[in-house]
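# Structural description and commentary
Residues per chain, in single letters:
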Amino acid sequence: MKTTLIYFYLIVLYFKPANAQDIPANVYYPNGMVVTAHPEASKVGLAILKKGGNAIDAAVAVQFALAVVYPNAGNIGGGGFMVYRGAKGEISTLDFREKAPALATRNMYLDSTTGNAIVDKSLYGHLASGVPGSVDGMVKAHAKYGKLPWQTLLLPAIKLAKYGFKITAMQAKELNKNKANFLKYNPSGTALLKQIDDWKLGDTLIQTQLSQTLIAIKNKGRAGFYQGKVAKCLISEINRGQGIISQKDLNNYQSIWRKPITGFYKNYKIITMPPPSSGGIALIQLLHAVENYPLAKWGANKDSTVQIMVEAERRVYADRATHMGDPDFYAVPQAQLLAKKYQKQRMQNFNWNAATPSHMVKAGELWARQSEETTHFCVVDKQGNAVSITTTLNGLYGSLVVVSGAGFLLNNEMDDFSVKPGSPNLYGLVGGEANAIAPNKRMLSSMTPTIIEQAGKLFMVVGTPGGSTIITSVFQAVLNVLEFNKTAQQAVSFPRFHHQWLPDEVFVEHNALNDSTQNYLNQKGYKITPREPMGRVEVILKTPKGLQGGADTRGDDCSLGY
Ligand code: GLY
């Protein structure tokens, strides 16, 4: 009991709740908006819009800028997903998720004697990386929809890398915390490592090698990254650490345009990401599960609302576990999962009097542990084109390996596979066949970049990082707007809760549930566990008065408009 209290107290201290003075005044912009995890990246996106660039141009410039100013998750050595809605209503999604290298094998992270997963092997170092997709993704997005010249979009990131930018207090803290890790995986040093003293607020971070890499991408596009000097540096870095990515993997990598997942919640059309992300299907399933309940009457984060959302989450995450993986390798039963009738059936054994124990919910198995360091950004331009991108290295600073001579971090996305399908991993979680490792396969994701229409018109752009909590954080942000009438900023700042089937606990941020709601849930058998902040949700709303942005107060996030 004493330990629980101390733990709770530490979390309260750690978590700075969003309060009124943190939240910018409710402002509207007529022309365009950019919301990202870092003020410098938001400035880059806004400048591109003001120069006459469209939402895709701004998004491409932001993706490269985040690789410089937000090395936690912004990247060229990782991957992501984009959901796009053009001003005339055309929709598309781009999958630039990393792929397993051709030499990947199902049991590559298992001890050959014991058959158990080897601690951290899929998480850190050169073997943890999938083949990066971000640069190919940006090239394809720009080729299809971009307006400004490619070179123009790289210039701001090059400048930020070459001349540096001032780091925030949060960044100084995170970089210092990882000093030993950076040294371990990069013994010859990296720009992210301050050798003698510690980083502090306002220090300038200069990344010369990264600026050279970005110049190569500016001049040669895809070939500037997947071939030539940058590729050579990448492969020799991989070889130094006994990784398995080859030049052939780089040559073969292709991002893919995929048919968006769409569904309806009341009269709102949800446009979101298909597999290999589980996020889009899961979000629509969750919305279907709660659609017929009077949430607005019950209130946000209030007893019955939380109970029904948690029970929906329990069931949907169990489905995610069993049924989802890379659609190029596994037949995801998408149509069935998305049917409203199916969700109704799934909720039939829900009982208002008591929590449904998770072990009763599902014959299916799987829960793959996911890291929470990813980043999301939203852009809307003057014409009304909208972009929602979630991009990731997976863990904080990915594999922690910075490519020597090229200055960029490599992802540790291989850990998003089920390292050992069918039996519990180190964390007591089990993985499924659908997400087993195979050569050239994409690992399952929870990233949920989403765009919502109302009456055929753009209404909301939303997404977040947060590993397994991504889906529930987007779910809550969407309901905060659609049901609880919150502004964009209120919707993202509002405290969150999360259930993911296994473990069978309701994880809650500080102040997410009041005493009466907690008592109500406790009495029905729900286990409530306080935890650190979840996600960093970004939102743009298109209202009759103009564009309204919500940048999560849990980080340095920033919304800018004009
Ligand atoms: N790496 C986190 C995700 O893809 O969901």
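Attention in this report is confined to the structure presented alongside it. All of these numbers come straight from a predicted model, not from anything done at the bench. (Residues numbered from 1 in each chain as written. Predicted model: local features only at pLDDT ≥ 70, side-chain atom pairs only at ≥ 80, totals over all residues. Heavy atoms only, no water.)

That bond from Pro 275 to Pro 276 is cis: its omega, 20°, falls within 30 degrees of zero. In the segment running from Leu 502 into Pro 503, the intervening peptide bond is cis, with an omega of 0°. With respect to the helices and strands, Pro 503 occurs in the loop between β13 (497-498) and β14 (506-508). Unusually for a residue other than glycine, Leu 400 sits at a positive phi of about 75°. The exposure class of Leu 400 is buried, given its relative accessible area of 1%. (Helix = DSSP H or I, 4+ residues; strand = E, 2+ residues; numbered from the N terminus. Buried < 20%, exposed > 50% of the residue type's maximum accessible area, 1.4 Å probe, protein only.)

Bringing empty space enclosed by the protein into the picture now. A probe as big as a water molecule, rolled over the atoms, marks out the empty space that is left. In this structure the tally under the stated criterion is 5 cavities of 30 Å³ or more. Of the pockets and cavities examined, the second largest cavity occupies roughly 70 Å³. Around the second largest cavity, the lining residues are Ala 67, Pro 71, Gly 74, Asn 75, Ile 76, Gly 77, Leu 192, Gln 207, Leu 210, Gly 407, Phe 408 and Leu 409. Within the lining of the second largest cavity, the residues separate by chemical class into 7 nonpolar, 5 polar and no charged. (1 Å grid on protein atoms, 1.4 Å probe; cavity = no way out; pocket = protein on both sides within 12 Å on 5 of 7 lines; lining within 4 Å. Points joined across faces, edges and corners; volume = space filled by probe spheres on them. Nonpolar A, V, L, I, M, F, W, Y, C, P; charged D, E, K, R; others polar.)

Residues Tyr 265, Val 290, Met 460 and Leu 479 are the most contacted members of the largest nonpolar core, which totals 79 residues. Discounting residues that sit within four places of it in the chain, Met 460 has contacts with Thr 450, Ile 451, Ile 452, Ala 477, Val 478, Val 481, Leu 482, Val 539, Ile 540 and Leu 541. Grouped together as the second largest cluster of nonpolar side chains are 78 residues, Leu 210, Ile 235, Ile 245 and Leu 393 included. (Core = buried A, V, L, I, M, F, W, Y, C linked by side-chain atoms within 4.5 Å. Contact = heavy atoms within 4.5 Å.)

Turning our attention to the pattern of salt bridges. Under the defined criterion, the tally for this structure stands at 26 salt bridges. In this structure, Arg 106 and Glu 433 form a salt bridge, with 2.9 Å as the shortest nitrogen-oxygen distance. With a gap of 327 residues between them, Arg 106 in the loop between β3 (91-96) and α4 (134-145) and Glu 433 in the loop between β10 (386-394) and β11 (450-454) connect regions that are remote in the sequence. A relative accessible area of 37% means that Arg 106 is categorised as partly exposed. Note that Arg 531 and Glu 532 form a salt bridge whose closest N and O atoms lie 3.7 Å from each other. Each of Asp 95, Arg 258, Asp 328 and Arg 442 takes part in one network of salt bridges that share partners. (Salt bridge = Lys/Arg side-chain N within 4 Å of Asp/Glu carboxyl O.)

Here the focus is the sheet that holds strand β16 (residues 538-543). Judged by pairing direction, the sheet is antiparallel, and its 6 strands sit side by side in the order β7-β8-β11-β12-β16-β17 without closing on themselves. On the outer flanks of this sheet lie β7 (261-265) and β17 (546-551), each paired with one strand and no other. Adjacent strand axes in the sheet meet at a mean angle of 20°, parallel and antiparallel pairs treated alike. With 4 bridges connecting them, strand β12 (residues 457-463) and β16 associate as antiparallel partners. Bridge pairing in β16 places Met 460 opposite Leu 541. Relative to β7, helix α12 (residues 279-290) is tilted by about 15°, and along the sheet it contacts β7, β8 (268-272) and β11. (Pairing = 2+ DSSP bridges. Axes fitted to C-alpha atoms, helices over the stretch in contact; angles between N-to-C directions.)

So, on to the pairing of strand β1 (residues 33-36). Side-chain alternation along β1 places Met 33 and Val 35 on one buried face and Val 34 and Thr 36 on a second face that is also buried. Where β1 lies against strand β9 (residues 373-380), 3 bridges are found, and the strand directions are antiparallel. Opposite Met 33, over in β9, you have Val 380 as the bridge partner. Note that β1 and strand β18 (residues 558-561) share 4 bridges and pair antiparallel. For Thr 36, the partnering residue across the bridge sits in β18 and is Cys 558.

What surrounds the ligand is a group of 10 residues, the closest being Asn 394, Glu 413, Asp 416, Ser 445 and Ser 446. In this structure, a nitrogen atom belonging to the ligand sits 2.8 Å away from a side-chain N or O atom of Glu 413. Between the ligand and Asp 416 there is a distance of 2.7 Å, counted from a nitrogen atom to a side-chain nitrogen or oxygen. In isolation the ligand exposes 200 Å². Once the protein is present, 100% of that is buried. Grouping the amino acids of the shell around the ligand by side-chain chemistry returns 1 nonpolar, 6 polar and 3 charged. (Near = heavy atom within 4 Å. Polar contact = N/O pair within 3.5 Å; in protein donor to acceptor, adjacent residues only side chain to side chain. Areas by Shrake-Rupley, 256 points an atom, 1.4 Å probe, with all protein chains shown as cover.)

What follows covers the packing of aromatic side chains. As enumerated under the stated definition, the model contains 13 aromatic pairs in all. On the numbers, 6.1 Å between centres and 35° between planes, the contact of Tyr 293 with Trp 298 is tilted. A residue is classified by how much of its surface remains accessible, and Trp 298, at 23% relative accessible area, is partly exposed. The rings of Phe 225, Tyr 226, Tyr 253 and Phe 408 are connected pair by pair, giving a single aromatic cluster. Here the basic side chain of Arg 222 rests over the ring of Tyr 226, its NZ or CZ set 4.3 Å away from the ring centre. In this structure, Lys 486 packs its charged tip against the face of Phe 494, placed 4.0 Å from the ring centre. (Phe/Tyr/Trp six-rings, centres within 6.5 Å; stacked < 30°, edge-to-face > 60°. Lys NZ or Arg CZ within 6 Å of the ring centre and 35° of its normal.)

For Asp 556, the position within the fold is in the loop between β17 and β18. A polar atom in the side chain of Asp 556 sits 2.7 Å from the side chain of Thr 168. Not counting residues up to four positions away in its chain, the partners in contact with Asp 556 are Ala 37, His 38, Pro 39, Thr 168, Met 170, Gln 171 and Arg 536.

Turning our attention to the sheet that holds β3. Pairing is antiparallel across the open sheet formed by 7 strands, whose spatial order is β6-β3-β2-β10-β9-β1-β18. Looking along the sheet, the strands with just one partner apiece sit at the ends: β6 (256-258) and β18. Here the average twist between neighbouring strands, direction ignored, is 15°. Together, β1, β2 (79-85), β3, β9 and β10 form the strand contacts of helix α3 (residues 55-69), whose direction differs from that of β9 by roughly 155°. This element, α4, spans β2, β3, β6 and β10 of the sheet and lies at about 155° to β3.

This paragraph deals with the packing of α12 against helix α14 (residues 303-323). Put simply, α12 and α14 touch, their axes get as near as 9 Å, and they point 140° apart. As judged from the angle between their axes, α12 and α14 are oblique. Judged by the twist between their axes, the crossing of α12 over α14 is right-handed. Contacts between α12 and α14 involve Ala 282, Gln 285, Leu 286, Ala 289 and Val 290 from the first element and Ile 308, Met 309, Ala 312, Glu 313, Val 316 and Asp 319 from the second. Among the residues forming the contact of α12 with α14, the class breakdown is 8 nonpolar, 1 polar and 2 charged. (Parallel < 35°, antiparallel > 145°, perpendicular 65-115°, else oblique. Left-handed = near helix turned anticlockwise from the far one by under 90°.)

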